[in-house]
Amino acid sequence: MLKEINQKSGTQQAGFETISAHRMSDHSMKRTYFPGIIDIVDVTDPAEIRTISNDSRFDRDFIAHGPVRNVQRLRKMLRIFSLNGRLFPPLLPRTDPNRAAAQDELWSRLNVKADEVKHGPAELEPLAEWVRGIGTAEKLGLLVQQSIGRLFVETFTATEESLAAARMVLEAASSSNVLRMLGWRISGRLERAKTLLASMVNGDLAGVIAMITARQLIDDGLHKMRQLAADPALRSSITTDAAVDECLFAPTTVLRQAKTSGEVGGCPFRRGSLFILGLGSASKGAANRDLLFLSQSWSRCPAEKWVPALLQGVWTRASATLQEP
């Protein structure tokens, strides 16, 4: 979601230092710290990500003041992932009075939907057809956005405009082009994009963020699935569970902020230090698939069962037809 800053462990230059928490380990937290300028800790080790994601000292209760680079990153993120002063659910802090209840309600509702799609019902035929090799990337984007939108409004119909709106917000989140960002802000295009998406799901901000970020991850997964389906030998030998696992992707990074000063895993931090949790790389490998959705954390993704179920249903339907004589 956010561009990472990487510095080599152990360097010191003009007061700029990167502190490695575990100097003897290949997996370490790296703190990039310069007083008043930057205080960011990159975390890539799966165990350390689990520790930080469940430690009450680290939260999404973001303080948008402190080191300049921290403030820039936070203000940009909070501006992009909010609408009319309301933060999107994945940015709400652990202590928000309504967050947990809303998250659990959506989790339960999506689990019911997961049971409906995992066997490959007819409604998945357009996605299965795409996996078989029919259709453009643009068509897939519309199909995925529509599948997500219908979790929130049964009659949701994706359009070229709604897909472009979601892509713009996602691009804004990852872009380092200051002039382009300024243009979007001054013109109001970014706010109009979010307003359009919200209007299509009755103002449900969980639906808005899902159409922006989850859409891209599922889109990536179905592109991978299309590659798997195109290989007859692989298609006939791979299990459904293995195919689904190949097609699951985590967000590249998620952000937490220290609520107090202290130390974790040998790495010192201050109140306001930003911790960038590298889920994209850390979730690789069978032992770390819980990090795909942070399923062991208070901030688990409500779609942790629905996304794999959707992919299972699409693969089941697509591969069955491809294997017919």
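Predicted model only: the values in this text are computed from it and were never measured.

Draft legend 1. Just the environment of Ser53, in detail. Mapped onto the elements, Ser53 comes out in helix H1 (residues 46–54). Sequence-wise, Ser53 and Phe275 are 222 residues apart; in three dimensions their C-alpha atoms are separated by 9.7 Å. What Ser53 contacts, discounting residues up to four positions off in sequence, is Arg94, Leu277, Leu294, Ser297 and Trp298.

Draft legend 2. Molecular detail of the packing of aromatic side chains. As enumerated under the stated definition, the model contains 4 aromatic pairs in all. Consider the rings of Phe81 and Phe88, whose centres lie 6.2 Å apart with planes at 65 degrees: the pair is edge-to-face. Here the two residues Phe81 and Phe88 agree in accessibility, since each one is buried. These aromatic residues form a ring-pair network of at least three members: Phe58, Phe269 and Phe275. Against the face of Tyr33 rests Arg31, its NZ or CZ located 4.2 Å from the ring centre. Stacked on the ring of Trp107, the Lys or Arg Arg300 has its end atom at 3.8 Å from the ring centre.

Draft legend 3. Structural context of the state of the cysteines. Scanning the entire structure with this criterion turns up 0 disulfides. Between Cys247, a free cysteine, and Cys301, which holds the nearest cysteine sulfur, the sulfur-to-sulfur gap is 17 Å.

Draft legend 4. Representation of the nonpolar core within the structure. Counting 92 residues, the largest nonpolar core has Phe81, Leu127, Leu222, Phe275 and Trp306 as the members making the most contacts within it. Ignoring anything within four residues of it in the chain, the contact list for Leu222 reads Leu127, Trp130, Val131, Leu140, Val144, Leu311 and Val314.

Draft legend 5. Region of interest: the pattern of salt bridges. Under the definition given, this model contains 15 salt bridges. Residue Glu246 is joined to Lys224 by a salt bridge in which the shortest nitrogen-to-oxygen separation is 3.9 Å. Here Glu246 is found in helix H11 (residues 240–246), whereas its partner Lys224 is found in helix H9 (residues 205–229), with 22 residues between them in sequence. A cluster of three or more residues bridged by salt bridges with shared partners is formed by Asp104, Arg300 and Glu304.

Draft legend 6. Focus on the environment of Ile52. Along the chain, Ile52 turns up in helix H1. Placed 263 residues apart in sequence, Ile52 and Trp315 show a C-alpha to C-alpha distance of 35 Å.

Draft legend 7. Summary view of the packing of helix H6 (residues 160–174) against helix H7 (residues 178–187). Between H6 and H7, the shortest axis-to-axis distance is 10 Å and the interhelical angle comes to 135 degrees. For the element pair H6 / H7, the angle class is oblique. Relative to H7, the crossing made by H6 is left-handed. For the pair formed by H6 and H7, the contact residues are Met168, Glu171 and Ala172 on the first element and Arg180, Met181 and Trp184 on the second. When its residues are assigned to classes, the contact of H6 with H7 shows 4 nonpolar, no polar and 2 charged.

Draft legend 8. Region of the structure containing H9. Here H9 spans 34 Å end to end across 25 residues, near enough to the 36 Å set by a 1.5 Å rise per residue. At Met211, H9 shows its strongest bend, of approximately 40 degrees. One side-chain oxygen of the residue at the start of H9 lies 2.9 Å from the amide nitrogen of Ala206, identifying that residue as Asp204.

Each value, and the rule that gives it
Residues numbered from 1 in each chain as written. Predicted model: local features only at pLDDT ≥ 70, side-chain atom pairs only at ≥ 80, totals over all residues. Heavy atoms only, no water. Helix = DSSP H or I, 4+ residues; strand = E, 2+ residues; numbered from the N terminus. Contact = heavy atoms within 4.5 Å. Phe/Tyr/Trp six-rings, centres within 6.5 Å; stacked < 30°, edge-to-face > 60°. Buried < 20%, exposed > 50% of the residue type's maximum accessible area, 1.4 Å probe, protein only. Lys NZ or Arg CZ within 6 Å of the ring centre and 35° of its normal. Disulfide = S-S within 2.5 Å. Core = buried A, V, L, I, M, F, W, Y, C linked by side-chain atoms within 4.5 Å. Salt bridge = Lys/Arg side-chain N within 4 Å of Asp/Glu carboxyl O. Axes fitted to C-alpha atoms, helices over the stretch in contact; angles between N-to-C directions. Parallel < 35°, antiparallel > 145°, perpendicular 65-115°, else oblique. Left-handed = near helix turned anticlockwise from the far one by under 90°. Nonpolar A, V, L, I, M, F, W, Y, C, P; charged D, E, K, R; others polar. Expected span 1.5 Å × (residues − 1). Bend = angle between axes of the 7 residues up to and from the residue. Polar contact = N/O pair within 3.5 Å; in protein donor to acceptor, adjacent residues only side chain to side chain.

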